[in-house]
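The chain contents come next:
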Amino acid sequence: SQQGEEDPQALSIQEGENATMNCSYKTSINNLQWYRQNSGRGLVHLILIRSNEREKHSGRLRVTLDTSKKSSSLLITASRAADTASYFCATEETSGSRLTFGEGTQLTVNP
Amino acid sequence: NAGVMQNPRHLVRRRGQEARLRCSPMKGHSHVYWYRQLPEEGLKFMVYLQKENIIDESGMPKERFSAEFPKEGPSILRIQQVVRGDSAAYFCASSHAIREPQHFGDGTRLSIL
């Protein structure tokens, strides 16, 4: 598997349900970031969690980081149709500032 | 506050022509990154620049691609003698400092005829 690999590849849920996406990585990191991308648009930064943090909240988003398992999860609570998008995790490795992205999870929230 | 501005949004070139993609970072940001995204894939790092300096170009193809971030003006990603395989969305991001969130533009979609 590659750095920043998301799971599942696609997720379809009903409005009001929670959506959980997972990300695994391989190397040591400074931080892990989650982004959202709507079709044909750029990436919108959602949340950054540093390597010494275990959990972070922002509105309806909750991110966890387990550095021992080299994994992270993004939880979107009370989902809305407007949350439909691709979600990417990206890791910033300790060796540099570049971000390494996974292939993304396509989330569809049905009204 | 304006975000990261990229232009053009869409660029069509014929094989063998040159493509120039421009990126103006967010105000106060001196770190610029370029990424390439192929259809249905994640973004792949190309190059990281600070004002007038290339810091990391390990993701850049060795030939035909170059990037600059001059003291004045936007960052430029230049692709010479384009080929069909260069068709992709090219995204620019900027940050205030290293280890801070990178903020992305809407990208330039390059199509090669």
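Quick note: structure is the one above.
Thresholds, definitions, all that
Just so you know, the residues in each chain are numbered from 1, in the order the chain's sequence is written. Both sets of labels track the order of writing: A upward for chains, 1 upward for ligands. This being a predicted model, a pLDDT of at least 70 is required before a residue's local features are given, and a value of 80 or more before pairs of side-chain atoms are given or counted; all residues contribute to the totals for chains, interfaces and linings. Computation of side-chain values: all heavy atoms of the structure, hydrogens and water removed. Helical segments are the DSSP runs of H or I of at least four residues, strand segments are the runs of E of at least two, and each set is numbered from the N terminus. Throughout, the radius of gyration refers to the C-alpha atoms, and the reference size of a globule is 2.2 Å times the residue count to the power 0.38. Type-normalised accessible area, obtained with a 1.4 Å probe on protein chains alone, sets the label of each residue: buried when under 20%, exposed when over 50%, and partly exposed for intermediate values. Pairs of residues are marked as contacts when any of their non-hydrogen atoms sit within 4.5 Å. Every accessible area reported is derived by Shrake-Rupley at a probe size of 1.4 Å, with residue values counting cover from the shown protein chains alone. Neither His nor the chain ends is counted toward charge; the positive residues are Lys and Arg and the negative residues Asp and Glu. One atom stands in for each charge, and that atom is NZ of Lys, CZ of Arg, CG of Asp or CD of Glu. By definition, disulfides here are pairs of cysteine sulfur atoms that lie within 2.5 Å.

### Quick word on the overall build of chain A
Of the regular secondary structure elements, chain A holds zero helices and eleven strands. Secondary structure of chain A in N-to-C order comes out as β-β-β-β-β-β-β-β-β-β-β. Relative to its length of 111 residues, chain A is compact, with a C-alpha radius of gyration of 13 Å against a globular reference of 13 Å. Along the first, second and third principal axes, the C-alpha atoms of chain A reach 45 × 25 × 20 Å. Looking at chain A as a whole, 47% of its 111 residues are labelled buried. For chain A, restricting intrachain contacts to residue pairs at least 6 apart in sequence, the fraction spanning at least 24 positions comes to 54%. As displayed, chain A offers around 5000 Å² of accessible surface, 43% of which is attributable to carbon and sulfur atoms. Once the 12 positive and 12 negative side-chain charges of chain A are each reduced to a mean point, those two points are 5 Å apart.

### With respect to the state of the cysteines
Residues and elements named next belong to chain B. All told, the structure shown has two disulfides over all chains when counted by the stated rule. The disulfide that involves cysteine 23 links it to cysteine 92, with 1.8 Å between the sulfurs. The chirality of the disulfide connecting cysteine 23 with cysteine 92 is left-handed, given an S-S dihedral of about -55°. Placement of the pair is cysteine 23 in strand 3 (residues 19–24) and cysteine 92 in strand 9 (residues 88–95), with a sequence separation of 69 residues. As far as burial versus exposure is concerned, cysteine 23 and cysteine 92 are alike and both buried.

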